[in-house]
Amino acid sequence: KIKGLSTRKGNMVLLDHIIDEAKARMIDEQGKTNTTRVFGEEAEKAAQILGVSALIVADFKQRRVKDYKFSWDTALSPKGDTGVKLQYLHARLNSLLKNSGVELDTGANTLPLTEPSALQLVFHLGQWDECLKQSYTELDPSIIVRYLFKLCNFTNKCFKELTVKGEDPDLARARILLFYSSKQVLAEALTLIGVQPLDKM
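Since we're looking at a predicted model, the values are computed, not measured.

**Quick word on the overall build of the protein chain**
Turning to step 1, where the next piece is worked out: The number of helices and strands found in the protein chain is eight helices and two strands.
Turning to step 2, where the next piece is worked out: Along the chain direction, N to C, the helices and strands of the protein chain fall in the order β-α-α-β-α-α-α-α-α-α.
Turning to step 3, where the next piece is worked out: Looking at the protein chain as a whole, 44% of its 201 residues qualify as buried.
Turning to step 4, where the next piece is worked out: Counting only carbon and sulfur atoms, one obtains 52% of the accessible surface of the protein chain, whose full area is about 11400 Å².

Printed below as a string of structure tokens:
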């Protein structure tokens, strides 16, 4: 049972009302930020995808064994463990890969990745298959969602500590491959739980 779930239309909640509410709230948020990179019809489409992402992640992060209280403010926040934050990360990774000036080489030497934050992310990426297997075996999507929250935190830490532009070419290629790998796993996991990854927002 989900407690506290209501829309501006009242307490009788239907799925289409929930989706419309999520979309409307995301459009409101888009108007409040100066970092929005989509406009017009594209912005409306992105708002709908973001709203649905927020709802799916807010629901799937809960274990199936107990009731939980739903909060619109929490679910639609770009901070904390939310679907919106995961989408921000995907869009940010996409932007980095397009604008880094470093050509992706999937066969790049990864030995230059010696920083603790890089190794932490590499290790976590290596656990993706095991996470997927466990989620399937236990029929529990929250396992995937919790994995994604850790992936988001580890990747954001690498964003702060691992620059790409202006670095030695071998090191830059290794780091861009790491960010690419994070984006690939993030996109695959989001798609598996029914969320369309956004390239920009």
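After presenting the structure, the write-up continues.
**Overview of helix α6 (residues 128–138)**
Turning to step 1, where the next piece is worked out: If you check which residues of α6 are buried, you get W128, C131 and S135. Seen end-on, α6 carries its buried residues on one side only, within an arc spanning 60 degrees. Those residues of α6 that are exposed and angled more than 90 degrees off the buried face are D129, E130, K133, Y136 and T137.
Turning to step 2, where the next piece is worked out: Where α6 is buried, its residues meet α5 (116–126), α7 (142–161) and α8 (169–192).
Turning to step 3, where the next piece is worked out: Positive phi shows up at L139, right after α6, with a value of about 55 degrees.

**Focus on the pattern of salt bridges**
Turning to step 1, where the next piece is worked out: With the rule as written, the count across this model stands at four salt bridges.
Turning to step 2, where the next piece is worked out: K200 is the salt-bridge partner of E42, the closest N and O atoms lying 3.5 Å from each other. Remark: K200 occurs in the segment after α8 and E42 occurs in helix α2 (residues 40–60); sequence separation between them is 158 residues.
Turning to step 3, where the next piece is worked out: Since its relative accessible area comes to 42%, K200 is described here as partly exposed.
Turning to step 4, where the next piece is worked out: Its salt-bridge partner being R175, residue E115 comes within 2.7 Å of it at the nearest N-O pair. With E115 in the loop between α4 (83–99) and α5 and R175 in helix α8, this residue pair connects regions lying 60 residues apart in the sequence.
Turning to step 5, where the next piece is worked out: R175 gets classed as buried once you look at its relative accessible area, which sits at 5%.
Turning to step 6, where the next piece is worked out: The network of salt bridges with shared partners includes E115, E167 and R175.

**Remarks on unusual backbone geometry**
Turning to step 1, where the next piece is worked out: Phi at L139 is positive, roughly 55 degrees, even though this residue is not glycine.
Turning to step 2, where the next piece is worked out: Along the chain, L139 turns up in the loop between α6 and α7.

**A word on the packing of aromatic side chains**
Turning to step 1, where the next piece is worked out: Counting across every chain of the model gives two aromatic pairs.
Turning to step 2, where the next piece is worked out: With a centroid separation of 5.3 Å and 40 degrees between ring planes, the pair formed by W128 and Y147 is classed as tilted. Of the two residues, W128 is situated in helix α6 and Y147 in helix α7; the sequence distance between them amounts to 19 residues. Y147 carries the same exposure label as W128, and that label is buried.
Turning to step 3, where the next piece is worked out: With centroids separated by 5.0 Å and ring planes inclined at 20 degrees, the aromatic side chains of F159 and F179 adopt a geometry described as stacked. Here F179 lies in helix α8 and F159 lies in helix α7, a separation of 20 residues in the sequence.
Turning to step 4, where the next piece is worked out: The ring of F159 has R92 sitting right over it, with the charged end atom 3.9 Å from the ring centre.

Criteria and thresholds
- Residues numbered from 1 in each chain as written.
- Predicted model: local features only at pLDDT ≥ 70, side-chain atom pairs only at ≥ 80, totals over all residues.
- Heavy atoms only, no water.
- Helix = DSSP H or I, 4+ residues; strand = E, 2+ residues; numbered from the N terminus.
- Buried < 20%, exposed > 50% of the residue type's maximum accessible area, 1.4 Å probe, protein only.
- Areas by Shrake-Rupley, 256 points an atom, 1.4 Å probe, with all protein chains shown as cover.
- Arc of directions from axis to C-beta.
- Contact = heavy atoms within 4.5 Å.
- Salt bridge = Lys/Arg side-chain N within 4 Å of Asp/Glu carboxyl O.
- Phe/Tyr/Trp six-rings, centres within 6.5 Å; stacked < 30°, edge-to-face > 60°.
- Lys NZ or Arg CZ within 6 Å of the ring centre and 35° of its normal.

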